[in-house]
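Listed below are the residues making up each chain.
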Amino acid sequence: MAILSWLAEQRIQEAMRSGEFANLPGHGKPLELEDLSGVPEELRMSYKIMKNAGLLPEELTLRAECVTLEELLVACHRSGNNDTGERKELETKLSLKRLRLQQLLQERGLEGNAAYADYGDAIGQRLTGIEE
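Every value quoted in this text rests on a predicted model; they were computed, and no experiment measured them.

Trainee: Is there a simple way to explain the overall build of the protein chain in this structure?
Mentor: Scanning the protein chain from N- to C-terminus turns up five helices and zero strands. The order of α-helices and β-strands along the protein chain, N terminus first, is α-α-α-α-α. The burial tally for the protein chain puts 19% of its 132 residues in the buried class. By sequence separation, contacts in the protein chain at least 24 residues apart represent 57% of the contacts at least 6 residues apart. Summed over its atoms, the accessible surface of the protein chain is roughly 10300 Å², and 55% of this surface lies on carbon and sulfur atoms.

Trainee: Just checking my understanding: could you explain helix H2 (residues 41-52) for this structure?
Mentor: Along an α-helix, residues three or four apart share an orientation, since each turn contains 3.6 residues. Over its 12 residues, H2 runs 17 Å from end to end, which matches the ideal 16 Å to within 8%, given 1.5 Å per residue. Looking one or two places after H2, you find Gly 54, whose phi comes out positive at around 80°.

Trainee: Explain the nonpolar core here, please?
Mentor: Nonpolar side chains tend toward joint burial in soluble globular proteins. Counting six residues, the largest nonpolar core consists of Cys 66, Leu 69, Leu 73, Cys 76, Leu 90 and Leu 94. Sorting the residues of this core by element identifies helix H3 (58-79) and helix H4 (84-107) as the ones contributing at least two each. No other element matches H3, which puts four residues into this core.

Trainee: Help me understand the pattern of salt bridges in this model?
Mentor: Pairing between side chains of opposite charge can happen when their charged atoms approach one another. Following the criterion strictly, the structure yields four salt bridges and no others. The shortest N-O distance in the salt bridge between Arg 98 and Glu 70 comes to 2.5 Å. Here the residue Arg 98 occupies a position in helix H4, and Glu 70 occupies one in helix H3, the gap between them amounting to 28 residues. According to the relative accessible area criterion, Glu 70 is partly exposed, its value standing at 30%.

Trainee: Sorry if this is basic, but what is going on with H4 here?
Mentor: The end-to-end C-alpha distance of H4 is 34 Å, a good match for the 34 Å that 24 residues give at a rise of 1.5 Å each. Of the positions making up H4, those classed as buried are Arg 87, Leu 90, Leu 94, Leu 101, Leu 104 and Leu 105. With its phi angle positive at about 70°, Gly 109 sits one or two positions after the end of H4.

Trainee: What is the right way to look at the packing of H3 against H4 in this model?
Mentor: The axes of two packed helices give the description: the angle between them and the distance between them. For the pair H3 and H4, interaxial distance at closest approach is 9 Å and the crossing angle is 155°. Taken together, the axes of H3 and H4 lie roughly antiparallel to each other. Seen from above, H3 lies across H4 with left-handed handedness. Side by side, H3 and H4 meet where Glu 58, Glu 59, Leu 62, Arg 63, Glu 65, Cys 66, Leu 69, Glu 70, Leu 72, Leu 73, Cys 76 and His 77 of the first sit next to Glu 86, Arg 87, Leu 90, Glu 91, Lys 93, Leu 94, Lys 97, Arg 98, Arg 100, Leu 101, Leu 104 and Leu 105 of the second. Class assignment for the residues of the contact of H3 with H4 results in 11 nonpolar, one polar and 12 charged.

Reading the values: the criteria
Residues numbered from 1 in each chain as written. Predicted model: local features only at pLDDT ≥ 70, side-chain atom pairs only at ≥ 80, totals over all residues. Heavy atoms only, no water. Helix = DSSP H or I, 4+ residues; strand = E, 2+ residues; numbered from the N terminus. Buried < 20%, exposed > 50% of the residue type's maximum accessible area, 1.4 Å probe, protein only. Contact = heavy atoms within 4.5 Å. Areas by Shrake-Rupley, 256 points an atom, 1.4 Å probe, with all protein chains shown as cover. Expected span 1.5 Å × (residues − 1). Core = buried A, V, L, I, M, F, W, Y, C linked by side-chain atoms within 4.5 Å. Salt bridge = Lys/Arg side-chain N within 4 Å of Asp/Glu carboxyl O. Axes fitted to C-alpha atoms, helices over the stretch in contact; angles between N-to-C directions. Parallel < 35°, antiparallel > 145°, perpendicular 65-115°, else oblique. Left-handed = near helix turned anticlockwise from the far one by under 90°. Nonpolar A, V, L, I, M, F, W, Y, C, P; charged D, E, K, R; others polar.

Written out as structure tokens, the structure reads:
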């Protein structure tokens, strides 16, 4: 096996010297590595497959929608917007999303799962851009 590794390394070095890697997409940019350490091990493969397919689990979509609604409510308060109808509508939507999220977590047995809670916190931080 050491011979194959050495041969592969030699071919890579030759390709680098001849400039074959120079025009590849992303050349000179850092790699974007996926950190799945916060995802419970039994969920990693399914999350990876769903992500590659462009899908998100409903609970993550709901969390993102809750963050968006919370930001809209904060913006309403900061702007001094006295339109209570709009604010009430946002609050109602937020309450419904939170209830649906809680229901999903209960159905899937994730409500008391510490690993899922940590992952959820990490997702929330990434969505809001706030690091604790």
